[in-house]
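# Close look at the chain arrangement
One-letter residues, chain by chain:
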Amino acid sequence: MPREIITLQVGQCGNQIGCEFWKQLCAEHGINADGIVQPFATQGDDRKDVFFYQADDEHYVPRALLLDLEPRVINKIRSDGFRELYNTENIFYSKEGGGAGNNWASG
C-alpha cells in the first residue's frame with residue numbers, strides 16, 4: 001500500500017533543518033537541485049513518491065510546507081542552489097517580516 005509523508009517546516013529552526021533534510025533526501029534518491037532524477041537513479045524500485053510528488057514536467061517536488069513569521073530564512077532557501085526544488089505554492093511567510101519577537105500583545 002503506498003504511503004506519502006508530508007513534512008511541516010515551521011520557524012527558523014524547522015526550515016533550516018528541513019532544507020538540509022531535503023538536500024540529503026535528494027542525494028539519497030538521485031534527484032538533483034532542480035528536481036530532475038539523475039540517470040543512475042532510474043533503475044530499481046526506489047520509492048521516490050513517498051517524500052516527493054512528480055509534477056507534470058517530470059520534476060520531483062518535496063511534499064513539504066514551509067511556514068515562518070519572518071521571511072529571512074525562507075528567502076535564503078528561495079535563493080540557494082535548491083530553490084527550484086520547492087513548489088512556491090507551499091511556502092507561507094509573513095510579508096511584513098515582524099517575526100514572533102514581542103508579538104504577545106498583538107491579536
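This text gives an overview of the structure that appears in the document.

With that settled, consider the pattern of salt bridges. What the rule picks out here adds up to four salt bridges. Residue Asp 80 pairs with Lys 23 through a salt bridge whose shortest N-O separation is 3.4 Å. Pair noted here: Asp 80 is in the loop between helix H2 (72-79) and strand E5 (91-93) and Lys 23 is in helix H1 (residues 11-29), with a separation of 57 residues, a long-range link. Connected via shared salt-bridge partners are Glu 20, Lys 23 and Asp 80.

Helix length check: H1 (19 residues) gives 26 Å between terminal C-alpha atoms against 27 Å at 1.5 Å per residue, within 8%. Where H1 is concerned, the buried positions are Gly 11, Asn 15, Gly 18, Cys 19, Trp 22, Leu 25, Cys 26 and His 29. The buried residues of H1 occupy one face: seen down the axis, they fall within an arc of 130°. Residues of H1 that are exposed and point more than 90 degrees away from the buried face comprise Ile 17, Ala 27 and Glu 28. In the core, the buried residues of H1 are packed alongside strand E1 (7-10), strand E2 (52-54), strand E3 (60-62), strand E4 (64-68) and H2. Of the residues flanking the end of H1, it is Gly 30, one or two places downstream, whose phi is positive at about 75°.

Reading guide: rules and limits
Residues numbered from 1 in each chain as written. Predicted model: local features only at pLDDT ≥ 70, side-chain atom pairs only at ≥ 80, totals over all residues. Heavy atoms only, no water. Salt bridge = Lys/Arg side-chain N within 4 Å of Asp/Glu carboxyl O. Helix = DSSP H or I, 4+ residues; strand = E, 2+ residues; numbered from the N terminus. Expected span 1.5 Å × (residues − 1). Buried < 20%, exposed > 50% of the residue type's maximum accessible area, 1.4 Å probe, protein only. Arc of directions from axis to C-beta. Contact = heavy atoms within 4.5 Å.

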